[in-house]
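Each chain, letter by letter, is given below.
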Amino acid sequence: ELDGRVILEKHISETPEITLSYKHTMLTFEYVGLHYAAPASIQYKYRMKRLEEGEFVKEKSQEEGKENGDEERKKIDQDGEKEEKWDYVGSQRYAIYPYLKPGDYEFKVIASNNDNVWNEMGASIRIRIPPSLWQRWWFRVLAGAALLGIIYAGFLYRTQRLRKNLAEHERVQKLLKQSRDEMEKSRDIAELRSAENEKIMAAISSLFITVDAQGKISQWNGAAEKFFKIPKTATVEQRFDDVLKPFILPDKMEEILDKGLYQARASNNFEVPVAFNKENESKLLMAHINPIIDKKGKNVGFLLLAEDITHQKREQMRLLVSQKLEALGQMAAGIAHEIRSPLQYIGDNVQFLLETFDHLV
């Protein structure tokens with residue numbers, strides 16, 4: 001039995017063929033030739049012939065026929081002797097085949113006596129090793145078809161993926177183009193607004209200075225350049241107190257920064273004295289300090305608008321002095337009038353008394 005299946009229903013000498021499983025490809029044959037006088041002098045040779053497809057059935061049917069069977073078998077044996085190579089093994093009485101591919105085989109062994117006369121009939125047995133499921137032609141065709149289907153499906157999937165990637169790439173390129181167009185448009189708008197801001201800044205006659213949260217100047221208009229005689233390039237990104245330290249007193253500078261960076265309400269009509277030590281001149285600015293508050297309520301800097309009121313202040317002082325002098329003149333006139341009336345009254349009375357005394361004398 002082999003794998004629970006009966007292989008030999010008869011003795012091996014009476015079995016013309018056997019069918020094995022595809023798992024059993026390693027075979028060992030043992031044989032013996034009889035010679036009662038000198039058994040050690042028996043020599044052996046064997047061969048394993050691979051039968052062509054259909055030849056196994058053909059030989060079997062020929063053996064079952066009795067008319068031409070012996071001749072055909074002898075012819076096959078003679079052809080096999082020509083085509084197949086015999087293995088001479090001397091007195092060895094076994095043959096090992098470690099691996100046989102699926103197919104139909106005929107194992108034949110012949111022996112010679114001590115006179116070196118070979119028994120050409122010998123003994124033979126046909127062996128069939130059926131292929132496994134995956135070794136059958138229809139399975140290979142199906143496997144090949146499945147493989148082609150998988151390859152085709154992979155090709156379709158890959159094509160679909162490439163098309164999808166291409167569509168995505170085109171979409172991304174389109175979005176990038178739109179983004180570039182929007183960026184260019186935004187840049188143009190920003191440049192236009194910057195130019196407009198520059199024009200507006202140039203048109204502002206008041207000093208216009210913006211300071212960020214770190215106390216650095218970010219805007220410095222032409223009026224500020226003209227007033228302090230400092231160009232914009234020397235002030236932007238510089239600290240506000242460092243730039244204006246030579247012109248504004250420290251306590252007043254500290255007050256400006258406190259109102260701009262640490263308070264939330266605007267400070268209007270804030271007078272800032274400015275001293276120009278080189279010209280030995282002083283001026284007065286009327287400043288408006290407006291803190292800049294973001295959406296979160298955080299102070300991110302301040303805007304300082306200032307007007308030179310030096311001339312107006314001088315005119316105001318001159319007018320005030322004039323008004324004071326005028327008031328003093330009016331007061332002096334009033335006082336003189338008040339003094340003149342009693343004096344005139346006294347003088348008239350004295351004159352009356354003098355005239356009266358003259359008539360009496």
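What counts as what
Residues numbered from 1 in each chain as written. Predicted model: local features only at pLDDT ≥ 70, side-chain atom pairs only at ≥ 80, totals over all residues. Heavy atoms only, no water. Core = buried A, V, L, I, M, F, W, Y, C linked by side-chain atoms within 4.5 Å. Buried < 20%, exposed > 50% of the residue type's maximum accessible area, 1.4 Å probe, protein only. Helix = DSSP H or I, 4+ residues; strand = E, 2+ residues; numbered from the N terminus. Contact = heavy atoms within 4.5 Å. Pairing = 2+ DSSP bridges. Axes fitted to C-alpha atoms, helices over the stretch in contact; angles between N-to-C directions. Phe/Tyr/Trp six-rings, centres within 6.5 Å; stacked < 30°, edge-to-face > 60°. Lys NZ or Arg CZ within 6 Å of the ring centre and 35° of its normal. Salt bridge = Lys/Arg side-chain N within 4 Å of Asp/Glu carboxyl O.

1. Considering the nonpolar core
Inference 1: Formed by 28 residues in total, the largest nonpolar core has its most connected members in Trp220, Phe228, Phe240, Leu244 and Ile256.
Inference 2: Going through the elements one at a time, strand 8 (207–212), strand 9 (217–220), helix 4 (222–228), helix 5 (240–244), helix 6 (250–261), strand 10 (267–276), strand 11 (281–293) and strand 12 (299–308) are the ones with two or more residues in this core.
Inference 3: The contacts of Leu244, once residues within four sequence positions are left out, are Trp220, Phe228 and Met253.
Inference 4: Among the nonpolar cores identified, the runner-up in size contains 19 residues, and Phe29, Tyr44, Tyr46 and Ile129 belong to it.

2. Things to note about the sheet that holds strand 12
Inference 1: Pairing in this open sheet of five strands is antiparallel, and the strands run 9-8-12-11-10 from one edge to the other. Of all strands in the sheet, those bounded by a partner on one side alone are strand 9 and strand 10. Sheet twist, expressed as the mean angle between neighbouring strand axes with direction ignored, is 25°.
Inference 2: For strand 10 and strand 11, the ladder comprises eight bridges, and the chain directions are antiparallel. Across the sheet, the residue bridging to Ser267 is Ile289, located in strand 11.

3. Structural notes on the sheet that holds strand 6 (residues 103–112)
Inference 1: Reading across the sheet, the five strands line up as 1-7-6-3-4 and stay open at both edges, with mixed pairing between neighbours. Each of the sheet's edge strands pairs with one partner strand only, and the pair in question is strand 1 (17–19) and strand 4 (87–90). The average undirected angle you get between the axes of adjacent strands in this sheet is 20°.

4. Observations concerning unusual backbone geometry
Inference 1: Within the chain, Lys229 stands out as a residue other than glycine whose phi angle is a positive 60°.
Inference 2: Considering the arrangement of structural elements, one finds Lys229 in the loop between helix 4 and helix 5.
Inference 3: Lys229 gets classed as exposed once you look at its relative accessible area, which sits at 58%.
Inference 4: In this structure, Glu237 is a non-glycine residue whose phi angle is positive, near 70°.
Inference 5: In this fold, Glu237 is placed in the loop between helix 4 and helix 5.
Inference 6: When its relative accessible area of 52% is taken as the criterion, Glu237 is described as exposed.

5. Quick word on the packing of aromatic side chains
Inference 1: The tally for this structure, following the rule as stated, stands at 15 aromatic pairs.
Inference 2: The interplanar angle of 80° and the centroid separation of 6.3 Å between the aromatic rings of Trp138 and Phe139 together place this pair among those described as edge-to-face.
Inference 3: An aromatic cluster of three or more residues is present, and its members are Phe29, Tyr31, Tyr44, Tyr46, Tyr97 and Phe107.
Inference 4: The aromatic ring of Trp118 is capped on one face by Lys45, whose charged end is 4.7 Å from the ring centroid.

6. Details of the pattern of salt bridges
Inference 1: The final tally for this structure, using the stated rule, is six salt bridges.
Inference 2: Among the salt bridges present, the one from Arg171 reaches Glu168, with a minimum N-O distance of 2.6 Å. In this pair, Arg171 and Glu168 are both assigned in helix 3 (residues 137–203), three residues apart and thus about one turn of the helix distant.
Inference 3: Looking at Glu168, the relative accessible area reads 38%, which means it is partly exposed.
Inference 4: In this structure, the salt-bridge partner of Asp181 is Lys177, at a minimum N-O distance of 3.3 Å. A residue pair is termed a helical-turn pair when its members lie 3 or 4 positions apart in one helix, as Asp181 and Lys177 do in helix 3 at four residues.

Functional significance is not addressed by these values, which are geometric in nature.
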